[in-house]
Amino acid sequence: MSILVHRSSHRLLGSLGILLVVVLVVSAGLGRFPISPFEVLRLFWTRLSGTPLPKALEQASLVVFRIRLPRLVGATLVGSALAASGAAYQGLFQNPLVSPDVLGVSAGAAFGAVLSLFLGLHPMALLLVSFSFGLATALLVGLLARKVGQNSNLALVLSGIMVGSLLSSAISLLKLLADPTNVLPALTYWLMGGLSAIKVPHLFIAGPFILAALALLFALRWRINLLTMGEEEARTLGAQVPLSRTFIILAATLATSASVAISGPIGWVGLVIPHFARMLAGSDYRVLLPASMLMGASFLILVDDFSRLLAASEIPIGILTSFVGVPVFLMLIRRGGAR
């Protein structure tokens, strides 16, 4: 039986991986300058093999590699990070309604970015400041929770809500003080979340942090399985609960803050995707976590395609994810009430 389950898990992850590749290839050709999937594959082959690029594909190569590919890579990283963080938080706190916003990390990173825009800092400085505020928020929340001493999970959630609310108020204050003609529109648009501003330098700054955080979560996925059983059971099975919880929270926080730094706050991905992945993969985090990463990447790429193509002007991606997230959230509340 275990061999059959193992094989079915491999088939599921393989199918999700193939789906992600198909979505990437098709999305690379979508836009105001349409390119067929065959031409996209041909462009990648010429890059990988070093063969000369036909003149007929020079403009298509410029569009794909200079404009669309950085955005697609950004969507892949951000979607994977938010979905994996949401799955890890839900398992750690044993709460299906927990998302990466639970520790106030998204609000901290958003405040750092808004402060940078308010002060007129360079875009690279915006990434670093946003990332730093996200990590600082996580450390502050952890410190406040440690002062409580009892029921650490509940203390972390409540501290995150409190600090996140405070930072949201600080963002509102900066918007009130911002120049209404130049700065305020930029602040408002960035807070809606989006991938249009992602460039190659952004990926070189945030990408290594996201990949390192995802690798750590992937390595600790079996420990999340133990922590979902409760602290006493996890200790009985030999898990070092405080150390495991610290590393899992650190990795999820790192992934979230780095993602917000390059895309702005994109809600609901970390709440919705882990539930969809759980429907397919079950509750075993050895399968659920990589399934969440793959589904999160595909989901955010598809939503970004809609944001680019639905209207003449681009729709902020955070608006579109809300249209998916809110109905699922209401469905979860209804199911929880029925139980």
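Engineer: What is the right way to read the overall build of the protein chain from this model?
Structural biologist: If you tally the helices and strands in the protein chain, you get 14 helices and zero strands. Going from N to C terminus, the protein chain has its helices and strands arranged as α-α-α-α-α-α-α-α-α-α-α-α-α-α. Here the protein chain has a C-alpha radius of gyration of 21 Å; the compact-globule value for 339 residues is 20 Å, and the two agree. Overall, the C-alpha framework of the protein chain stretches about 65 × 60 × 40 Å when taken along its three principal axes. Sorting the 339 residues of the protein chain into buried and exposed places 47% on the buried side. Expressed as a percentage of contacts within the protein chain between residues at least 6 apart in sequence, the contacts between residues at least 24 apart total 74%. Total accessible area computed for the protein chain in this model is approximately 16700 Å², and 70% of it derives from carbon and sulfur atoms.

Engineer: Before we go on, may I ask you to explain the confidence of the model for the protein chain in this structure?
Structural biologist: Parts of the model with low pLDDT should not have their predicted coordinates read in detail. Summary statistics for the protein chain give a mean pLDDT of 86 and a share of 92% for residues scoring 70 or more. No element of the protein chain has a lower mean pLDDT than helix 10 (residues 231-236), at 69, and none a higher one than helix 13 (residues 285-309), at 95.

Engineer: Just checking my understanding: could you explain the packing of aromatic side chains for this structure?
Structural biologist: We describe a pair of aromatic rings using the distance from one ring centre to the other and the angle between the two ring planes. Overall, the coordinates contain four aromatic pairs when judged by the stated rule. Across the ring face of phenylalanine 65, the terminal group of arginine 47 is positioned such that the distance to the ring centre comes to 4.0 Å. A cation sits over an aromatic face here: arginine 221 above phenylalanine 218, 3.8 Å from the ring centre.

Engineer: Explain a nonpolar patch on the surface to me, please; I cannot follow it from the model alone.
Structural biologist: Taken together, the side chains of Ile18, Val22, Val26, Leu30 and Leu309 define a hydrophobic patch exposed on the protein surface, amounting to about 390 Å² of accessible area. When residues in the nonpolar patch are grouped by element, the largest group, three residues, is from helix 1 (residues 2-28). Counting through the fold element by element, leucine 309 comes out in helix 13. The class for leucine 309 is partly exposed, based on a relative accessible area of 36%.

Engineer: I tried to follow unusual backbone geometry on my own but got confused; where do I start?
Structural biologist: If a residue is not glycine, its phi is most likely negative; likewise, a peptide bond is most likely trans. Positive phi outside glycine occurs at tryptophan 268, with the angle close to 80°. Summarising the element assignment, tryptophan 268 is placed in the loop between helix 11 (241-263) and helix 12 (269-281). Judged by relative accessible area, tryptophan 268 falls into the partly exposed class, the value being 27%.

Engineer: Would you mind showing me how to read the pattern of salt bridges here?
Structural biologist: When the charged atoms of two side chains lie near each other, side chains of opposite charge can form a pair. Scanning the model with the defined rule gives five salt bridges in all. One salt bridge in this structure joins arginine 71 and aspartate 304, with 2.8 Å as the shortest N-O distance. Placement of arginine 71 in helix 3 (residues 58-93) and of aspartate 304 in helix 13 is noted, with a sequence separation of 233 residues between them. A residue is classified by how much of its surface remains accessible, and aspartate 304, at 3% relative accessible area, is buried. Each of Arg71, Asp304, Asp305, Arg308 and Glu314 takes part in a single network of salt bridges with overlapping partners.

Engineer: Just to check I follow, could you spell out the packing of helix 3 against helix 8 (residues 200-219) for this structure?
Structural biologist: The axes of two packed helices give the description: the angle between them and the distance between them. It is at 10 Å that the axes of helix 3 and helix 8 come closest, and there the two elements cross at 30°. When the axes of helix 3 and helix 8 are compared, the pair comes out roughly parallel. Crossing geometry of helix 3 relative to helix 8 is assigned as left-handed. Contacts between helix 3 and helix 8 involve Pro70, Val73, Gly74, Leu77, Ser80, Ala81, Ala84, Ser85 and Ala88 from the first element and Val200, Leu203, Gly207, Ile210, Leu211, Leu214 and Leu217 from the second. For the contact of helix 3 with helix 8, a count of residues per class yields 12 nonpolar, four polar and no charged.

Engineer: Whenever I open this one, helix 8 confuses me. Can you help?
Structural biologist: Look at helix 8: 28 Å from first C-alpha to last across 20 residues, which is about the 28 Å you get at 1.5 Å a residue. Along its length, helix 8 shows its largest kink, about 40°, at alanine 206, and proline proline 208 lies within four residues downstream of that point. Listing the buried residues of helix 8 in full gives His202, Leu203, Ala206, Gly207, Ile210, Ala213, Leu214 and Leu217.

Engineer: I tried to follow the nonpolar core on my own but got confused; where do I start?
Structural biologist: Taken as a class, soluble globular proteins show a tendency for nonpolar side chains to be buried jointly. In this structure, Phe93, Leu103 and Ile248 are the most contacted members of the largest nonpolar core, which totals 92 residues. Looking at this core element by element, the count peaks at 16 residues for helix 3.

Engineer: I tried to follow helix 3 on my own but got confused; where do I start?
Structural biologist: An ideal rise of 1.5 Å per residue puts 52 Å on 36 residues; helix 3 measures up with 51 Å between its terminal C-alpha atoms. The largest bend in helix 3 amounts to roughly 45° and is located at arginine 68, with the proline proline 70 lying one to four residues further along.

Engineer: Is there a simple way to explain the packing of helix 8 against helix 13 in this structure?
Structural biologist: Direction vectors running N to C along helix 8 and helix 13 enclose 150°, while the axes themselves pass 9 Å from each other. By the angle between their directions, the pair helix 8 and helix 13 is classed as roughly antiparallel. Contacts between helix 8 and helix 13 pair Leu214, Leu217 and Phe218 from the former with Leu289, Pro290 and Met293 from the latter. Looking at the contact of helix 8 with helix 13 residue by residue, the class counts come to six nonpolar, no polar and no charged.

Engineer: Would you mind showing me how to read the environment of proline 208 here?
Structural biologist: Counting through the fold element by element, proline 208 comes out in helix 8. For the pair proline 208 and alanine 258, spaced 50 residues apart in sequence, the C-alpha to C-alpha distance is 9.3 Å.

Engineer: Any chance you could explain the environment of alanine 75 here in plain terms?
Structural biologist: You can see alanine 75 is positioned in helix 3. Distance in space between the C-alpha atoms of alanine 75 and serine 132 is 21 Å, their sequence separation being 57 residues.

Rules behind the numbers
Residues numbered from 1 in each chain as written. Predicted model: local features only at pLDDT ≥ 70, side-chain atom pairs only at ≥ 80, totals over all residues. Heavy atoms only, no water. Helix = DSSP H or I, 4+ residues; strand = E, 2+ residues; numbered from the N terminus. Rg over C-alpha atoms; globule rule 2.2 N^0.38 Å. Buried < 20%, exposed > 50% of the residue type's maximum accessible area, 1.4 Å probe, protein only. Contact = heavy atoms within 4.5 Å. Areas by Shrake-Rupley, 256 points an atom, 1.4 Å probe, with all protein chains shown as cover. pLDDT = per-residue confidence, 0-100. Phe/Tyr/Trp six-rings, centres within 6.5 Å; stacked < 30°, edge-to-face > 60°. Lys NZ or Arg CZ within 6 Å of the ring centre and 35° of its normal. Patch = residues over 30% accessible without salt bridge, like charges linked within 9 Å, V, L, I, M, F, W, Y side chains within 5 Å. Salt bridge = Lys/Arg side-chain N within 4 Å of Asp/Glu carboxyl O. Axes fitted to C-alpha atoms, helices over the stretch in contact; angles between N-to-C directions. Parallel < 35°, antiparallel > 145°, perpendicular 65-115°, else oblique. Left-handed = near helix turned anticlockwise from the far one by under 90°. Nonpolar A, V, L, I, M, F, W, Y, C, P; charged D, E, K, R; others polar. Expected span 1.5 Å × (residues − 1). Bend = angle between axes of the 7 residues up to and from the residue. Core = buried A, V, L, I, M, F, W, Y, C linked by side-chain atoms within 4.5 Å.

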